[in-house]
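Given next are the chains, with one letter for each unit.
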Amino acid sequence: YNLMVTSGGQHEVEITATAGGDTVEDSFGYIINPSVVTAEPPAGTKNGINQINANTVRLQLLAPFKDFVYVLGDFNNWQPDLEYFMQRTSDGSTWWLDIEGLDPNEEYAFQYFVDGELKIADPFSEKVLDPWNDSYIDEATYPDLKPYPAGQTSGIVTTFKTQDPTFDWEHDNYDRPEKDDLVIYEMLLRDFLATHNFQTLLDTLDYLERLGINAIELMPVNEFEGNNSWGYNPSFHMALDKYYGTPEAFKELIDQCHARGIAVILDVVYNHVFSQSPLAQLYWDPVNFRPSSENIWLNVTPKHPFNVGSDMNHESERTKQWVDQVMTHWIEEFHVDGFRFDLSKGFTQVFNTDVGAWGNYDASRIVLLKRIADVLWDIDSDFYVILEHFAAANEERELSDYGMMLWGNGVHEFNEASMGWSSNLSTVDYQVSWRDMDDPHLVGYLESHDEERLMYKNIQFGNSNGAYDVQTTPIALDRHKLAASFFFTIPGPKMFWQFGELGYGYSINTCEDGSINPDCRLSPKPIRWDYYQNPDRRSVFDTWAALIHLKTNYPVFKTTDY
């Protein structure tokens, strides 16, 4: 039977067949799109979810080159409905729709249904539901998590409420540490706490305060693919990953950090996105598994040799708008104190496949990074901007002069010293001749998430002289104190990796079963809070705490004459 379509709108077709006294029935629906209405959204409408009042939201999606978009969600049984057919701006780039009659006490889930083929969550989602991973998030970490709408749609969905709960910030007026006083504790919640959530980290602040650090740097906490990850595979940059807890718990953690004079710095990933991101899915080449040539945010192929995922085009005006909105959200919503920009050297459109040449002075990259810093400092004038850069000295010097801080890798030389071999500790010296920075903006570090652990190498490769053997644990721990004695006293901001203060001795390549394999680099690591009860390791903690106290309390450690 050929069904002739004679009118527009929504249609339901019922089919009944009878044979031999038996009857079977089936049905299907179809919809004929109306003409797209051209209209401009009210002034001030931003991409994403705009809360208009207690009963209304306005959704806006940037998606040029698309023919039509529906909104599917809890409010229309996840079916295309003419009432939820989006309007388009006159320039053909942006789709928007007001949804009214909503309950302010209800949490709603939705997706965009693009060109009758693609279902995506909002690129500016603040919370998403994931059909593959949410079931592994426990109730203690994220109480009353809204169930995924199984059987009604597929793929990741966005949620919202028309009225978000108001958080009462109590410690907004605390004084941030000066840049050169920073002592940053870098952590991956997954490998720091067995519960891996913000609530437990809140209960651990006494420990960090006793250590004397004045900043924590959290490896990416925005939504990334899966639950078990370092977080450098981002999918939704503006959504807090539920594996670590609720927005309210994160805000409470930040507020209590500020009460103790501890800044909170987020590790952010704006060099790339992974394939679950709507920025990738909207314009995707499935044959080559990469962004299509129409993509307004991403390069079809990477512009540098260290890229993972899909490389962002930071010279695109659309990318600039996206980054600015995402960064602003984390500052205004969560009151964070700084960003550490992952792989900032990748913020370039100068195509280069040579790793050495990639680090050469790049004027266009400097312009892009200064623009980002200006946006941040317009919002918060003393916001920390930290770059994982490792580029030419003259480029890093120019960025430092502008007010940014740069990572300074001291791992190799300090580890050579701690193992008992010759070394040169100037790698964390901002004044050393080849670097020649005017300001102490070099964030030197003994260990980071990316580096082999000092204590592991002390035990494996330490030097010896008669009975004095660095490969024995007590002496290896003494060498760990020695490295810290030189490290913390050199002027300038400092950072170290979690449990370094207790002489964490597992390899970065340790597997969950305790074996060592390079394939396990990103795997969960043993969490050894019992170290704190060991007298030799507690002595390391006490020594590090004393050195940190000296650095942060005595002006001599801010001198330029050393």
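See the structure shown above.
Residues numbered from 1 in each chain as written. Predicted model: local features only at pLDDT ≥ 70, side-chain atom pairs only at ≥ 80, totals over all residues. Heavy atoms only, no water.

(A) Local environment of the overall build of the protein chain. When helices and strands are tallied, the protein chain shows 13 helices and 27 strands. The C-alpha radius of gyration computed for the protein chain amounts to 27 Å, which stays within 12% of the reference 24 Å derived for 562 residues, consistent with globular compactness. With respect to the three principal axes, the spread of C-alpha positions in the protein chain is 100 × 55 × 50 Å. Within the protein chain, the proportion of its 562 residues that are buried is 57%. At a minimum sequence separation of 6, the contacts of the protein chain that also span at least 24 residues come to 70%. Positive and negative side-chain charges in the protein chain, numbering 38 and 87 respectively, have mean positions lying 6 Å apart. (Helix = DSSP H or I, 4+ residues; strand = E, 2+ residues; numbered from the N terminus. Rg over C-alpha atoms; globule rule 2.2 N^0.38 Å. Buried < 20%, exposed > 50% of the residue type's maximum accessible area, 1.4 Å probe, protein only. Contact = heavy atoms within 4.5 Å. Lys, Arg positive; Asp, Glu negative; His and termini not counted. Charge placed at Lys NZ, Arg CZ, Asp CG, Glu CD.)

(B) Quick look at the pattern of salt bridges. Enumeration over the complete set of coordinates arrives at 25 salt bridges. We note a salt bridge from Asp267 to Arg340, for which the minimum N-O separation is 2.8 Å. In this pair, Asp267 is assigned in strand 16 (residues 263-268) and Arg340 in strand 21 (residues 338-341), connecting sequence segments 73 residues apart. There is no split in this pair, since Asp267 and Arg340 are both buried. What you see here is one network of salt bridges that share partners, running through Arg176, Asp337, Asp380 and Asp382. (Salt bridge = Lys/Arg side-chain N within 4 Å of Asp/Glu carboxyl O.)

(C) Structural detail: the packing of helix 6 (residues 317-334) against helix 8 (residues 363-379). One way to put it is that helix 6 packs onto helix 8 with a least axis distance of 10 Å and a crossing angle of 35 degrees. Both helix 6 and helix 8 take part in a crossing whose hand is right-handed. In this structure, helix 6 uses Lys320, Asp324, Met327, Thr328 and Ile331 to contact helix 8, whose residues at the interface are Leu368, Arg371, Ile372, Val375, Leu376 and Ile379. Its residues assigned to classes, the contact of helix 6 with helix 8 comprises seven nonpolar, one polar and three charged. (Axes fitted to C-alpha atoms, helices over the stretch in contact; angles between N-to-C directions. Left-handed = near helix turned anticlockwise from the far one by under 90°. Nonpolar A, V, L, I, M, F, W, Y, C, P; charged D, E, K, R; others polar.)

(D) Inspection of the environment of Tyr384 at higher detail. Within the fold, Tyr384 resides in strand 22 (residues 384-387). The exposure class assigned to Tyr384 is buried, which follows from its relative accessible area of 1%. It is 4.1 Å that separates the C-alpha atoms of Tyr384 and Gly338, two residues lying 46 residues apart in sequence. Those residues in contact with Tyr384 that lie beyond four places of it in its chain are Arg176, Pro177, Lys179, Leu182, Ala263, Ile265, Asp337, Gly338, Phe339 and Met405. Here the side chain of Tyr384 touches Pro177 through a polar contact of 2.5 Å, landing on its backbone oxygen. (Polar contact = N/O pair within 3.5 Å; in protein donor to acceptor, adjacent residues only side chain to side chain.)

(E) Spotlight on the sheet that holds strand 12 (residues 183-187). One closed barrel holds the eight strands; their spatial order is 12-13-16-21-22-23-24-27, and the pairing between them is parallel. For this sheet, the mean angle separating the axes of adjacent strands, direction not counted, is 25 degrees. (Pairing = 2+ DSSP bridges.)

(F) The state of the cysteines, seen in detail. Tallied over the entire structure, the rule returns one disulfide. Between the sulfur atoms of Cys511 and its disulfide mate Cys520 the distance is 2.0 Å. Across the S-S bond of Cys511 and Cys520 the torsion is about 90 degrees, and the bridge reads as right-handed. Neither Cys511 nor Cys520 differs from the other in exposure class; each is buried. (Disulfide = S-S within 2.5 Å.)

(G) Broad picture of the sheet that holds strand 4 (residues 56-62). Across the sheet, four strands lie side by side as 3-4-7-6; this open sheet has antiparallel pairing. The open sheet is flanked by strand 3 (48-53) and strand 6 (87-88), the only strands paired with a single partner. Direction of pairing for strand 4 relative to strand 7 (residues 94-99): antiparallel, over a ladder of six bridges. Across the sheet, the residue bridging to Val57 is Ile99, located in strand 7.

(H) Summary view of the packing of aromatic side chains. Counted under the stated rule, the structure contains 44 aromatic pairs. Between the aromatic rings of Tyr283 and Trp297, the centroid separation amounts to 6.1 Å while the plane-to-plane angle is 50 degrees, which identifies the pairing as tilted. Remark: Trp297 occurs in the loop between strand 19 (290-291) and strand 20 (310-311) and Tyr283 occurs in the loop between helix 5 (278-281) and strand 18 (284-285); sequence separation between them is 14 residues. A relative accessible area of 4% places Trp297 in the buried class. Each ring, one from Phe339 and one from Phe383, has its centre 4.9 Å from the other, and the planes form 75 degrees; the classification is edge-to-face. Placement of the pair is Phe339 in strand 21 and Phe383 in the loop between helix 8 and strand 22, with a sequence separation of 44 residues. Take Phe383: its relative accessible area is 1%, and that puts it in the buried class. (Phe/Tyr/Trp six-rings, centres within 6.5 Å; stacked < 30°, edge-to-face > 60°.)

In short, geometric facts, not functional conclusions.
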